Structure formats: C-alpha cells, structure tokens
Protein chains: 2
Amino acid sequence: MTTLATASTDCCAAASTPLMPADRAVCLAEIFKALGDPTRVRLVGYLASAQGGTVCACHLPDELGISQPTLSHHLKRLVSAGIITREQRGRWAHYAVVPEVLDVARAFLGTTTGDARCC
Amino acid sequence: MTTLATASTDCCAAASTPLMPADRAVCLAEIFKALGDPTRVRLVGYLASAQGGTVCACHLPDELGISQPTLSHHLKRLVSAGIITREQRGRWAHYAVVPEVLDVARAFLGTTTGDARCC
C-alpha cells in the first residue's frame, strides 16, 4: 500500500490491514449518521428494550419532549436507514428494531478488522 | 411512564425500560455522529488494525483519495469526539484509536438495555 509520504521515515509500522472498501464504509457511515442524534439514540434504546420486540406508536413516551411531527421525522429517518421497521396495524403504527443492522455497526466497532459484513 | 396517547388502545405492551437519560443520549450521539462519514469510518478501521495500536501520519494511505487538508479535518473531528488520540513525535503526528470510547457505542448497540456506561 502506498502512503501519503512516499519517502517516509521508518518511524513506525503501517496498519496491518488495507482500507476497507469504500462502499462498505458508506454503508456503515449511513447507520452511524442515523444514530448521530440524541432523540434517535433514545428511540432505538427504547424500542430495543420492548418485550416482544415491537412498540406501538401509542406507547412512545412523551418524556422525549418533542412534538409529534418531530417524532415522526426521527422515526422516518431510522426506518429509512434500515435501523427500525414500521408496520401499520389498524390505527397505530408499530415499530421494531432490526438487530441485524445494529449488529453490523457493532461488529465494526468491536473488531475493526474489516471482517464484519455490511448490508 | 406516560405515553403520547393518554387513552391508548391496549394494543401492545410498552417497552420494559425507561428512556435513557438525555445526557447519556447526547454522549452516544456525539460518538455516532463522528462516525457518520465514510472517510472517518475507514480511518478508524485502519487505525484500529494497526500493530502496536498507533499509526504515524506518514502511513495514512493515499487510497483514501482525499486532500491533506480534508484528511486533517477528518482526523481532527475524530480527535475532538475522543475516538482517536493524536500525539506529536518529532516531525510526524501519531494517531491511535481509543477502544474505551468505541466500546461505549458498541455496548449500546449490543445490549440497548441502558446499562452501558457513557463517557
């Protein structure tokens, strides 16, 4: 692998693995970007703790301190990133975390060896 | 815990745990936001794979396809978020991942039970 300094001093070893493919980095960055908001972090944590894995919109806590349109925006953002799913059941929408997507991000953070598979 | 719909239909159970504290969500979101960029994901993965844990700036790969100022911007962003450290050794800066910070994010993604401690 070439480096920024073609005639670098021999000050240290290079990393042992090559850069991860750009498309995989884009995929991971999209997941992290969607989680890069405190409200969305709280929503994901709340949904992930649901017994049965699904939470009706009627049970999303008003302790979030945000308006309904803002809440809808954040939920849509998480659905768009594939982190949660939305299913309409009669009057209410139901939301659930997609563990496989969180696992992709978690595997990257845990191993950071480039072995974790992306979406 | 009160909910958005005070007189909700009994369509499902609420989540079993309360919302995580707002300050912890802010902390986690800052980590995720810093990782929400493909170049920064690649840099973290590259640095984390370094033998000895540290990479000299002279060994950062030019396969990233970005200019030196852009690279510096991304490195500063990661340092600012506490995800990597920067140490000047003579002519070159050396960078290393801070595993404890990545572990905080990883614990959230793995358990999402609100038990992982934040910075």
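An unreviewed UniProt entry lists chain A under the name Metalloregulator ArsR/SmtB family transcription factor, with Arsenicicoccus cauae as the source organism.

1. A look at the sheet that holds strand β1 (residues 55-56) of chain B
All names here are of chain B. Reading across from one edge, β1-β3-β2 is the order of the three strands in this open sheet, with antiparallel pairing throughout. If you trace the sheet from one side to the other, it starts and ends with β1 and β2 (84-89), each paired once. The pairing of β2 with strand β3 (residues 92-97) spans six bridges and is classified as antiparallel. The partner of I84 across the bridge, within β3, is V97. Relative to β3, helix α2 (residues 38-48) is tilted by about 90°, and along the sheet it contacts β1, β2 and β3. The strands that helix α3 (residues 68-80) touches are β2 and β3; relative to β2, the one it contacts most, it runs at about 115°.

2. Looking at the nonpolar core
A:F32, A:I83, B:F32 and B:I83 are the most contacted members of the largest nonpolar core, which has 74 residues in total. When residues in this core are grouped by element, the largest group, seven residues, is from helix α1 (residues 22-35) of chain B. Discounting chain neighbours no more than four positions away, the residues touching A:I83 are A:I31, A:A34, A:L35, A:V44, A:L78, A:A96, A:V97, A:V98, A:V101 and A:L102.

Definitions and cut-offs
- Residues numbered from 1 in each chain as written.
- Chains lettered and ligands numbered in written order.
- Predicted model: local features only at pLDDT ≥ 70, side-chain atom pairs only at ≥ 80, totals over all residues.
- Heavy atoms only, no water.
- Pairing = 2+ DSSP bridges.
- Helix = DSSP H or I, 4+ residues; strand = E, 2+ residues; numbered from the N terminus.
- Contact = heavy atoms within 4.5 Å.
- Axes fitted to C-alpha atoms, helices over the stretch in contact; angles between N-to-C directions.
- Core = buried A, V, L, I, M, F, W, Y, C linked by side-chain atoms within 4.5 Å.
- Buried < 20%, exposed > 50% of the residue type's maximum accessible area, 1.4 Å probe, protein only.

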